[in-house]
Structures are given as structure tokens and as C-alpha cells.
Amino acid sequence: MKKVLVTGGLGFIGSHTVVELQNEGFEVIIIDNLSNSSIEVLDKITSITGIKPEYHNIDLKDKLAVKIFFEHHPVDGIIHFAASKAVGESVQMPLEYYENNIGSLVYILQELKANNLNNFIFSSSCTVYGQADELPITENAPIKPAESPYGNTKQIGEEIIKDATKVSNLKAIALRYFNPIGAHESAKIGELPIGVPQNLIPFVVQTAAGIREELSVFGSDYDTPDGTAVRDYIHVVDLAKAHIVALRRLIENNNKAQFEIFNLGTGKGNSVLEVIQSFEKVTGKKVNYKLVDRRAGDITAAYADTNYANDELGWKTELSLDDALLSAWKWQETLK
Ligand code: WQD
């Protein structure tokens, strides 16, 4: 049974990926320092799959702890989610973001080299494209100067990994997520925003649940069909499954380069108002909202060109925006 380390495995995308890995027969080890996740998620994963993942509470900024872990765990693959990921927060505390997201990445890569562990999947983001000049966005779209330290850590992270593959047997794939949303069909795991949600879908479901008074729609004067910004909202379960496909590609040596990059999206863009309409349709719930000014740093539109991931990875999304929004609502209904 292949053994896979999932860092950040108790987080939103990490936990959904652990479930899919276990469903596919992988033995999973989770490292998570609980800085942006809850230990309850471990039991939730177990209740879904019937298998309790091995768990280590390690802070990946602890160089010695990382060294000791990899000396004792010769894993067949690593999926690296653990990172700070709040765009706005990263502007306020850039050094913490660079220390956490870059420092821990370097420590992990050093130990992979030292222990000749070579199959590495990196959680990246469409943020690296900024406002792309052409839509849909392909993997060859130019990287734009990062609009936030968070986005910069993803750009720098990819560069570091590419350089690391040149001096070792490391094979790596960076997966550039568009907008991950939704929850597992069991409604036992989902997105757990801490405090006031920054992202759209958690705010929508909390508004529908009466936790938030009203959703502010940031900007209605964009150059889009209805004036509100457009994004590519991908169901987190589809996203999780893409990680297993990418991991198998490396384990089975089907990669065509030491470092590969894939966009993970649906290929379809939806505006904020379309998301609200879809949510109200599938849930029957009303979402109170008001149109307000744009949010600083937001782009007009982004959605993926999925041809490379579809053809080369042999993966495509199967779940719709409606499926994702309904699953997000069912998850919200389980939260006290
Ligand atoms: C989506 C749309 C907002 C909240 C961010 C990160 C990206 C990735 C996904 C990590 C935008 C609008 C939002 C609200 C709104 N995260 N909105 N009212 O900004 O596209 O991407 O999350 O990898 O890196 O940048 O996602 O969900 O914040 O916003 O109108 O209360 O919803 O303006 O148009 P975003 P988002």
C-alpha cells in the first residue's frame, strides 16, 4: 500500500483529498499544526472512510522536527497543502507569510533530497496569473507581479520547486487551483472559515443561515455581462480527485518533465450574481445582498482553460456549480 504524506491534511482542501486518497487505497499520514484547522476533522475523515489517518501535530517551520519526521517516514508521495492562505491578512503580516509558506517549503524540500523522496505535489493558485490578458487562462499565460504576499509565496514556491528538481531526483507537479468551493456529500467535512469569511461562498451560506446580515457584492461596474466579477468555481471534491491523478502520474513515472504545472478549474466562469441566483435556486433560501464598491486587489474575471489538464492528466471536473453550492449549504446546516 503506497504511503502518502498530506501536509495541511485537516484543512479544507486537504481533508477532502485525504478522503479521496483513502478511497483509492493509499495509506495517509497527516501533518497539521491546527493553526487554521480543527482536530475534530480527523474523526470526521475516519467516519467517512472508516480508516483513521496517522496524524502528527508538527509545525513545518520547525526545521529539526521536519528532519526527524522524514528520517522516520520514507513516504511514496507528498501532497503539500500546509500554508497561510488569507490574501488580506498576508498584506498585513508579510514576514509571517514568507516564513511560514516559503520557510516550511524549503525545509521539506531539503529533507526530500536528503532522504531521496521524490514525488511532490504543490498546492498553487490561479492567483499567480493576476488579471490574465486572455481568457480562458492556460498554463502558459504570463505570471503577473503578485498582488499580495500570499500570491507571491505561491509564485516563489513554484520557482523554488523547479530549481530543486534540477539538482535531485525530485519530480513535482504544481496544481494551480481556481476557486475551490463546496463540501463532501456526507456534509461531515467542509470549509471552516475562522471569523468573518473573506471568500464568497462561506459568506453566502452564512448570510442564508442568518449568521450574517447581508452579503456585500464587491463591485457591479466590472466589464462583465452583469457587472459583477467572474470566477471559476470548482467543487472541492473534483479538486481533491485531481490530486490523486497527479500523484499517480509521478509515482508511476508518467510525468513528461521533472516539474509540471496544471490549472485546475471547470473552464466555466460565473459572476457573483450568477452564484447568488444558483444558490437560491438549489437551496430555496434567500440571500440578502447589496451592491457596493469593488474590493481592492480584485480582478475582473478568471476562468481556466482546462484542455491541458483534461488531455494530459486525464482529469476533468464532474460536479456543477449547483452541486457545489448545494453541498456548501448542506454543510453549513450541520454547523451549530
Ligand atoms: C470571489 C468573488 C469577490 C466575498 C481568493 C484568493 C485565491 C484563492 C481563492 C487561495 C470576487 C466576490 C467575495 C464577498 C464578494 N484562495 N466577493 N463579496 O478573491 O477570487 O480568490 O480565494 O488560493 O488565491 O485570491 O475569491 O471568494 O474572495 O471572491 O462580492 O463577501 O466574490 O469580489 O469577485 P478570490 P473570493
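Just so we're clear, the structure is a prediction, and the values are computed from it rather than from any experiment. (Residues numbered from 1 in each chain as written. Predicted model: local features only at pLDDT ≥ 70, side-chain atom pairs only at ≥ 80, totals over all residues. Heavy atoms only, no water.)

Considered domain by domain, the protein chain is made up of domain 1 (3–182 + 233–265 + 306–317) and domain 2 (200–230 + 268–304 + 322–328). For domain 1 versus domain 2, the distance between C-alpha centres works out to 27 Å. Facing 14 residues of domain 1, the contacting portion of domain 2 comprises 17 residues. Interface area for domain 1 against domain 2, summed over the two sides, is near 1,300 Å², with a carbon-plus-sulfur share of 69%. The interface formed by domain 1 and domain 2 holds zero salt bridges in total. Where domain 1 meets domain 2, there are four residue pairs in polar contact (both at pLDDT 80 or more). (Domains from an automatic or database assignment. Contact = heavy atoms within 4.5 Å. Buried area = accessible area lost by both parts, 1.4 Å probe. Salt bridge = Lys/Arg side-chain N within 4 Å of Asp/Glu carboxyl O. Polar contact = N/O pair within 3.5 Å; in protein donor to acceptor, adjacent residues only side chain to side chain.)

On to the site of the ligand. Around the ligand there are 18 residues in total, and Thr127, Tyr150, Leu200, Arg231 and Asp298 lie nearest to it. Measuring from an oxygen atom of the ligand, one finds a side-chain N or O atom of Tyr150 at 2.6 Å. The contact in question runs from an oxygen atom of the ligand to an N or O atom on the backbone of Leu200, over 2.8 Å. Isolated, the ligand exposes 680 Å² of accessible area, and the fraction of that covered by the protein chains is 89%. For the shell around the ligand, the residue count by class is nine nonpolar, six polar and three charged. Counting contributing residues per domain, the shell around the ligand is built from domain 1 (3–182 + 233–265 + 306–317) and domain 2 (200–230 + 268–304 + 322–328), each supplying no fewer than three. (Near = heavy atom within 4 Å. Areas by Shrake-Rupley, 256 points an atom, 1.4 Å probe, with all protein chains shown as cover. Nonpolar A, V, L, I, M, F, W, Y, C, P; charged D, E, K, R; others polar.)

Bringing the environment of Gln258 into the picture now. Mapping Gln258 onto the fold places it in the loop between helix 8 (236–251) and strand 11 (259–264). Residues Gln258 and Gln277 lie 19 residues apart in sequence; the distance between their C-alpha atoms is 43 Å. In contact with Gln258, other than residues within four places in its own chain, are Thr165, Ser168, Asn169, Leu170, Lys171 and Ala172. Polar side-chain contacts of Gln258 include one of 2.7 Å to the backbone oxygen of Leu170. (Helix = DSSP H or I, 4+ residues; strand = E, 2+ residues; numbered from the N terminus.)

Two measures define how a pair of helices packs: the angle their axes make with one another and the distance between the axes. Helix 2 (residues 40–49) packs onto helix 1 (residues 12–23) with a crossing angle of 30 degrees between their chain directions and a minimal axis gap of 10 Å. The orientation of helix 1 relative to helix 2 falls into the category roughly parallel. Note that helix 1 runs across helix 2; the crossing there is right-handed. Each of Ser15, Val18, Val19, Gln22 and Asn23 in helix 1 lies in contact with helix 2, whose residues at this interface are Val41, Ile45, Ile48 and Thr49. A breakdown of the residues in the contact of helix 1 with helix 2 according to their chemical character gives five nonpolar, four polar and no charged. (Axes fitted to C-alpha atoms, helices over the stretch in contact; angles between N-to-C directions. Parallel < 35°, antiparallel > 145°, perpendicular 65-115°, else oblique. Left-handed = near helix turned anticlockwise from the far one by under 90°.)

Contact pair helix 7 (residues 200–208) / helix 9 (residues 272–283): the axes reach a minimum separation of 11 Å and the direction vectors enclose 40 degrees. By the criterion of interaxial angle, the relationship of helix 7 to helix 9 is oblique. With respect to the hand of their crossing, helix 7 and helix 9 are arranged in right-handed fashion. Across from Leu200, Ile201, Val204, Val205 and Ala208 in helix 7, the residues of helix 9 making contact are Val272, Val275 and Phe279. Considered class by class, the residues forming the contact of helix 7 with helix 9 number eight nonpolar, no polar and no charged.

The strand order across the open sheet built from seven strands is 3-2-1-4-5-6-11, with neighbouring strands paired in parallel fashion. Looking along the sheet, the strands with just one partner apiece sit at the ends: strand 3 (54–56) and strand 11. The average undirected angle you get between the axes of adjacent strands in this sheet is 20 degrees. Note that strand 5 (residues 119–125) and strand 6 (residues 171–177) share seven bridges and pair parallel. Pairing of Phe122 across the sheet is with Ala174, part of strand 6. Packed on one face of the sheet, helix 5 (residues 94–114) meets strand 1 (3–7), strand 4 (77–80) and strand 5 and runs near 165 degrees to strand 5. (Pairing = 2+ DSSP bridges.)

For helix 3 (residues 63–72), the set of buried residues is Val66, Phe69 and Phe70. Looking down the long axis of helix 3, one finds its buried residues gathered within 90 degrees of arc, a one-sided arrangement. Every exposed residue of helix 3 that faces more than 90 degrees away from the buried side is listed here: Leu64 and His72. Where helix 3 is buried, its residues touch strand 1, strand 2 (27–31), strand 3, strand 4 and helix 5. (Buried < 20%, exposed > 50% of the residue type's maximum accessible area, 1.4 Å probe, protein only. Arc of directions from axis to C-beta.)

Turning our eyes to something else, we now look at the environment of Asp163. Looking at the element boundaries, Asp163 is found in helix 6 (residues 149–165). Of the residues examined, Asp163 reaches a relative accessible area of 43% and is grouped as partly exposed. For the pair Asp163 and Asn254, spaced 91 residues apart in sequence, the C-alpha separation works out to 20 Å.

What follows covers the pairing of strand 6. Counting buried positions over the seven residues of strand 6 gives seven, a clear majority of the element. Along strand 6, one buried face is formed by Lys171, Ile173, Leu175 and Tyr177 and the opposite face, lined by Ala172, Ala174 and Arg176, is buried too. What joins strand 5 to strand 6 is helix 6, and the crossover it makes is right-handed. Relative to strand 11, strand 6 runs parallel, the two sharing six bridges. Along strand 11, the bridge assignment pairs Ile173 with Glu260. (Right-handed = clockwise from strand over helix to strand, strands pointing away.)

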